[in-house]
Amino acid sequence: MGTVLSTSATGRWLGRFEAMPPLAWLVLQAVALWPHWRWAAARLADGSDDPLGLVAAAVLVGWIVWQAQGLRGSARPAWWTAAGALTVLTTVSAAVLPPLAGALLAALALACGWRAIAPSGQATLPLAGLAVLSLPVVSSLQFYAGFPLRLVTAQCSTWLLQLAGRAAERSGTAMVVDGQLVIVDAPCSGVQMVWMAYFCACAVALLGGLRERSFMRRLPAVGALVLCGNVLRNTVLVALESRGPLAEAWHQGIGLAVLAMVCAAVVRLMREVDDAAPQ
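Residues numbered from 1 in each chain as written. Predicted model: local features only at pLDDT ≥ 70, side-chain atom pairs only at ≥ 80, totals over all residues. Heavy atoms only, no water.

Caption draft 1: Layout of the overall build of the protein. Looking only at helices and strands, one finds 11 helices and three strands in the protein. Along its sequence from the N terminus, the protein presents helices and strands in the succession α-α-α-α-α-α-α-α-β-β-β-α-α-α. Counting only residues that meet the buried cut, the protein has 39% of its 279 residues in that class. Across the protein, the fraction of contacts at a sequence separation of at least 24, relative to all contacts at a separation of at least 6, is 77%. Split by element, the accessible area of the protein, about 14,900 Å² in all, is 69% carbon and sulfur. (Helix = DSSP H or I, 4+ residues; strand = E, 2+ residues; numbered from the N terminus. Buried < 20%, exposed > 50% of the residue type's maximum accessible area, 1.4 Å probe, protein only. Contact = heavy atoms within 4.5 Å. Areas by Shrake-Rupley, 256 points an atom, 1.4 Å probe, with all protein chains shown as cover.)

Caption draft 2: A nonpolar patch on the surface, seen in detail. Taken together, the side chains of Leu232, Val236, Leu240, Trp250 and Met261 present a nonpolar region at the surface, about 460 Å² in accessible area. Sorting the residues of the nonpolar patch by element identifies helix H10 (212-241) and helix H11 (248-270) as the ones contributing at least two each. When residues in the nonpolar patch are grouped by element, the largest group, three residues, is from H10. Mapped onto the secondary structure, Val236 falls in helix H10. (Patch = residues over 30% accessible without salt bridge, like charges linked within 9 Å, V, L, I, M, F, W, Y side chains within 5 Å. Salt bridge = Lys/Arg side-chain N within 4 Å of Asp/Glu carboxyl O.)

Caption draft 3: Quick peek at the pattern of salt bridges. As enumerated under the stated definition, the model contains one salt bridge in all. We note a salt bridge from Asp178 to Arg166, for which the minimum N-O separation is 2.7 Å. Here Arg166 lies in the loop between helix H8 (138-163) and strand E1 (168-171) and Asp178 lies in the loop between strand E2 (174-177) and strand E3 (180-183), a separation of 12 residues in the sequence. Judged by its relative accessible area of 39%, Asp178 falls in the partly exposed class.

Caption draft 4: Looking closely at H10. Here H10 spans 43 Å end to end across 30 residues, near enough to the 44 Å set by a 1.5 Å rise per residue. When the local axis directions of H10 are compared, the greatest deviation, roughly 30°, occurs at Leu219, which is followed within four positions by the proline Pro220. (Expected span 1.5 Å × (residues − 1). Bend = angle between axes of the 7 residues up to and from the residue.)

Caption draft 5: Spotlight on the packing of helix H4 (residues 53-66) against helix H9 (residues 191-208). H9 packs onto H4 with a crossing angle of 5° between their chain directions and a minimal axis gap of 11 Å. Put simply, H4 runs roughly parallel to H9. Here Gly53, Val55, Ala56, Val59, Trp63 and Trp66 of H4 lie close against H9, whose contacting residues are Trp195, Phe199, Leu206 and Leu207. In terms of residue class, the contact of H4 with H9 is made up of nine nonpolar, one polar and no charged. (Axes fitted to C-alpha atoms, helices over the stretch in contact; angles between N-to-C directions. Parallel < 35°, antiparallel > 145°, perpendicular 65-115°, else oblique. Nonpolar A, V, L, I, M, F, W, Y, C, P; charged D, E, K, R; others polar.)

Caption draft 6: How the structure looks around the side chain of Asn234. Structurally, the position occupied by Asn234 is in helix H10. Polar contacts involving the side chain of Asn234 include one to the side chain of Ser157, which spans 2.9 Å. (Polar contact = N/O pair within 3.5 Å; in protein donor to acceptor, adjacent residues only side chain to side chain.)

Right under this line is the structure:
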């Protein structure tokens, strides 16, 4: 008799648990990963990283809330299992992984959780991209990728100036143009342009319903646009600075103009309707 009552009570409890709204499952998963969000918030609060991730986080949360009414009543088993496994792995590995690596795993776990309950036909990669971009990754990208990007930018700018008939040569991440030394410093690495371009790509693809394969096929073009834009910006600035000191307003104005051009090109690339998923 006691066994029957216990089984019945367990069944009622499981029934109530399964009757929870799909979005509540995602919220519970996010709460389970709260140490990683706390680390990300602390990194932003102490000024260790640019607050760009807050924009991606706002778009991500807004999209999830907007889609709440169309979520599946029952989760896809494979994706829900992957989300659970990644959540457990993220929690267990917190003691051995660097905080950023753990936060990246947490973002991917949350993306899998969303895929488990998302409406049919929705791409997951743009949402996963926004989840990663919502983390404080700019300073880490600058640390690990800043020097190689500056090196490539300086070399490409040197070639362009030589084609234009200027006496230019590269030395490390610095350039000598017409006898004037110009240093390609950290802000000229293009890391922030990389973040903005991929944010535009993920946001436009998500809101526009771009298919997964089409999104992946266009990502290399996004990288090419960023590289071309950064080389163009650096080449113009170096050409002007080699003639004399350049006011900060020129730096900012040229940088913003090229950034706007790159982002506009990325938006146009991702808004092509040929491969867009039906609404």
